[in-house]
Amino acid sequence: MTSYSTFRTSALEGTTTVHGNTHDTISEIQSQKHLNAFLTIAESQALEHAKVSDHQFSNNSPRLIEGMSVALKDNISTRGIRTTCASKMLDDFIPVYDATVVERIKANGGIIIGKTNLDEFAMGSSNENSAYGYVEHPLGQDLVPGGSSGGSTVAVAAGLVHAALGSDTGGSVRQPAALCGVVGFKPTYGRISRYGLIAFASSLDQIGILAQDVETTARLFDAISGHDSHDSTSAPLSPTMSFEKLSSPMPETFTVAVLPESELAGCDEDVLRVYNQCLDILRGVGATIVTLEIPASNAWIPTYYILATAEASSNLARFDGVRYGFRAEQVNEDDDITILTRSQGFGDEVKRRIMLGTYVLSSGHYDAYYRKAQKARRLILNGYNDIFSKADVLFLPTTPTAAFKRGSKTADPVSMYLSDYFTVSANLAGVPAISIPAGKSSGNLPIGMQLQAKNFEDERLLQFAHYFYGLFKERM
Ligand code: GLN
């Protein structure tokens, strides 16, 4: 698929139409069904909106993302369109309202193509935890695409849509982006409204963007960012203007922080090689590289998994078989309908998280786990503040390895959790982070590198990412 910028130019010149493109997009999704990236296609709505977009183009008044085809992770509520969270629990759930991001995509001319597969309730790193089956890596080879926004990522990586939204609680936008070779951006916590995003861990959840390039990412970000009175954690700021700022000149000198070498011990050789090559490139353009530490790095993963599961156990209490969603059959009069519903409606990983979360919140363990994790979170945030007082961006790998084989980590949840090593700290601190394609493994699989910046420096982060991606591309 051509990039959104090229498509936009042709639509303006009248050499292509949004309606035609939407039609082709839907046929292509159908012919790529084996990827299992989409759970629902919003065909009639998409075609209807495409006509409006064509009208806007022919009147020479395209809106911010006019005609951009966008896929949405299926934990983002869409009015009148099934929203499942890839769970049996919400198999027939049709929301009565649109998430704020959905309203804004429509208001800015974007075309919502459909809803994408994910790990159930966004819990996972490989997209093997969906009630509707796994998502295939676009390269096949029995590889995982990463998770939990696997469907959205594959929709972009396979060239089915211009962009997609995912959610990133501990890395679920950046991690699959790295494994599939696309851009994955998690903005500062609060920069994009979470209203209508079905909650996993509310203090960590952030809607993020997947696209082939930083330009498209920036355009979509500008269309959906900005304050929302429906979300009490939404930052009181105007929408960003990051697309425009991508082309402003880079500062003459800039400082890139890197972590001490010992932090990279878990990375495989290919990731280390690409990482070092990237640093050489950055040195070559005059960047100052400084080694700085984020404290409590051995606590990143435990802190994340304690807080995320604690919040999940509370957020998922609403799925009780009474109010909406799946309800189990009551066979005997004394069957507890809530227990039956939750036992049958949730998959194994979700149950594991609920049990873990309930445990760390229980009165006997609260101080030892939950309270301690909150303290560690504060230390991590302080560490980030220190880094960004000395450097413009932090540069680090996105994942310790390239895409791994399906089934290779499912028997050992801890090894799966460790694949989030480099992503969770940004969610704990709330800072913006982006994964960009940076090279290939010896087996020719994509490898991504990550940039993180100070809270609310999203626009600057995108500008750096755009520049770095340009530099790395020449070598890829
Ligand atoms: N892989 C992490 C987890 O399973 C992150 C998930 C996410 O960001 N939604 O919790």
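Structure's up top.
Reading the values: rules and limits
- Residues numbered from 1 in each chain as written.
- Predicted model: local features only at pLDDT ≥ 70, side-chain atom pairs only at ≥ 80, totals over all residues.
- Heavy atoms only, no water.
- Pairing = 2+ DSSP bridges.
- Helix = DSSP H or I, 4+ residues; strand = E, 2+ residues; numbered from the N terminus.
- Axes fitted to C-alpha atoms, helices over the stretch in contact; angles between N-to-C directions.
- Contact = heavy atoms within 4.5 Å.
- Core = buried A, V, L, I, M, F, W, Y, C linked by side-chain atoms within 4.5 Å.
- Buried < 20%, exposed > 50% of the residue type's maximum accessible area, 1.4 Å probe, protein only.
- Salt bridge = Lys/Arg side-chain N within 4 Å of Asp/Glu carboxyl O.
- Near = heavy atom within 4 Å.
- Polar contact = N/O pair within 3.5 Å; in protein donor to acceptor, adjacent residues only side chain to side chain.
- Areas by Shrake-Rupley, 256 points an atom, 1.4 Å probe, with all protein chains shown as cover.
- Parallel < 35°, antiparallel > 145°, perpendicular 65-115°, else oblique.
- Nonpolar A, V, L, I, M, F, W, Y, C, P; charged D, E, K, R; others polar.
- Expected span 1.5 Å × (residues − 1).
- Left-handed = near helix turned anticlockwise from the far one by under 90°.
- Phe/Tyr/Trp six-rings, centres within 6.5 Å; stacked < 30°, edge-to-face > 60°.

This paragraph deals with the sheet that holds strand 8 (residues 288-291). Taken together, 11 strands build an open sheet; the order of strands is 1-3-2-4-6-5-10-11-9-7-8 and the sheet is mixed. The sheet is open, and its two borders are formed by strand 1 (38-41) and strand 8, each paired with just one other strand. Adjacent strand axes in the sheet meet at a mean angle of 30°, parallel and antiparallel pairs treated alike. Strand direction decides the pairing type here: strand 5 (residues 183-186) and strand 10 (residues 433-440), joined by three bridges, are antiparallel. Residue pairing for strand 10: G184 is matched across the bridge by S435. Contacts between helix 16 (residues 458-475) and the sheet are confined to strand 5, strand 7 (255-258), strand 9 (393-397), strand 10 and strand 11 (446-452), with strand 10 contributing the most and set at about 0° to the helix.

Time to look at the nonpolar core. Grouped together as the largest cluster of nonpolar side chains are 145 residues, with contacts concentrated most on F121, F395 and F468. It is helix 10 (residues 300-315) that provides the largest number of residues to this core, a total of nine residues. If we skip the residues at most four places from it in the chain, F395 touches V256, A257, V258, Y275, C278, L279, L282, M449, Q450, L451, F468 and F472.

Opposite charge on two side chains allows them to pair when their charged atoms are near. According to the stated counting rule, one finds 17 salt bridges in the structure shown. Between R174 and D168 there is a salt bridge, and its shortest N-O distance comes to 2.8 Å. A single burial state applies to R174 and to D168, both of which are buried. Between R460 and D392 there is a salt bridge, with the nearest N and O atoms lying 2.2 Å from each other. Residue R460 is located in helix 16, and its partner D392 is located in the loop between helix 13 (367-390) and strand 9; the two are separated by 68 residues in the primary sequence. It is possible to trace a salt-bridge network through shared partners that takes in E349, R352 and R353.

Let us now look at the site of the ligand. As a matter of local geometry, the ligand sits amid 15 residues, with T169, G170, S172, Y304 and R353 nearest to it. Contact distances for the ligand include 2.8 Å between a nitrogen atom and a backbone N or O atom of A122. In the environment of the ligand, an oxygen atom lies 2.7 Å from a nitrogen or oxygen atom belonging to the side chain of S172. When the ligand is considered free in solution it has 290 Å² of accessible area, and contact with the protein chains removes 100% of it.

The next thing to look at is the environment of F404. Along the chain, F404 falls in the loop between strand 9 and helix 14 (413-418). Separated by 41 residues in sequence, F404 and L445 place their C-alpha atoms 9.8 Å apart. In this structure, F404 is in contact with S125, S126, D142, L143, V144, L179, K409 and M416, ignoring residues within four places of it in sequence.

What follows concerns unusual backbone geometry. Going from G147 to S148, the amide bond is cis rather than trans, its omega being 5°. Relative to the helices and strands, S148 is located in the loop between strand 3 (111-116) and helix 5 (150-157). Even without glycine at this site, C85 takes up a positive phi of about 55°. Mapped onto the secondary structure, C85 falls in the loop between strand 2 (69-73) and helix 4 (100-107). Take C85: its relative accessible area is 1%, and that puts it in the buried class. Its identity is not glycine, yet N127 carries a phi of approximately 60°, on the positive side. You can see N127 is positioned in the loop between strand 3 and helix 5.

A pair of packed helices is characterised by two quantities: the angle between their axes and the separation of those axes. Where helix 10 contacts helix 12 (residues 348-361), the axes come no closer than 7 Å and their chain directions differ by 100°. By the criterion of interaxial angle, the relationship of helix 10 to helix 12 is roughly perpendicular. Contact residues: helix 10 offers Y305, I306, T309, A310 and S313, while helix 12 offers R353, I354, L356, G357, T358, V360 and L361. Looking at side-chain class alone, the contact of helix 10 with helix 12 contains seven nonpolar, four polar and one charged residues.

Spanning 16 residues, helix 3 (residues 43-58) covers 23 Å between terminal C-alpha atoms, matching the ideal 22 Å at 1.5 Å per step. Buried within helix 3 we find Q45, A46, L47, A50, S53, D54, Q56 and F57. For helix 3, the secondary structure elements touched by its buried residues are helix 1 (4-13), helix 2 (18-31), helix 4 and strand 3. After helix 3 finishes, the residue N60 shows a positive phi value of roughly 60°.

Take the side chain of Q463 next. Mapped onto the elements of the fold, Q463 is located in helix 16. By relative accessible area, which is 10% here, Q463 ends up buried. Setting aside anything within four residues of it in sequence, one finds Q463 in contact with K245, L246, S248, P249 and M250.

Take the packing of helix 7 (residues 214-224) against helix 16 next. Interhelical geometry of helix 7 versus helix 16 gives an angle of 165° and a closest axis separation of 10 Å. The pairing of helix 7 with helix 16 is recorded here as roughly antiparallel in orientation. The interaxial crossing formed by helix 7 with helix 16 has left-handed handedness. Between helix 7 and helix 16, the contacting residues are V214, E215, T217, A218 and F221 on the first element and D458, L462, A465, H466 and Y469 on the second.

Overall, the coordinates contain 24 aromatic pairs when judged by the stated rule. Ring geometry for Y275 against F395: centres 5.9 Å apart, planes inclined by 20°, an arrangement best described as stacked. You can see Y275 sitting in helix 9 (residues 269-284) and its partner F395 sitting in strand 9, a full 120 residues away along the chain. The exposure classification of Y275 matches that of F395, with both residues buried. Members of the aromatic cluster, joined through ring pairs, are F254, Y275, F395, F464, Y467, F468 and F472.

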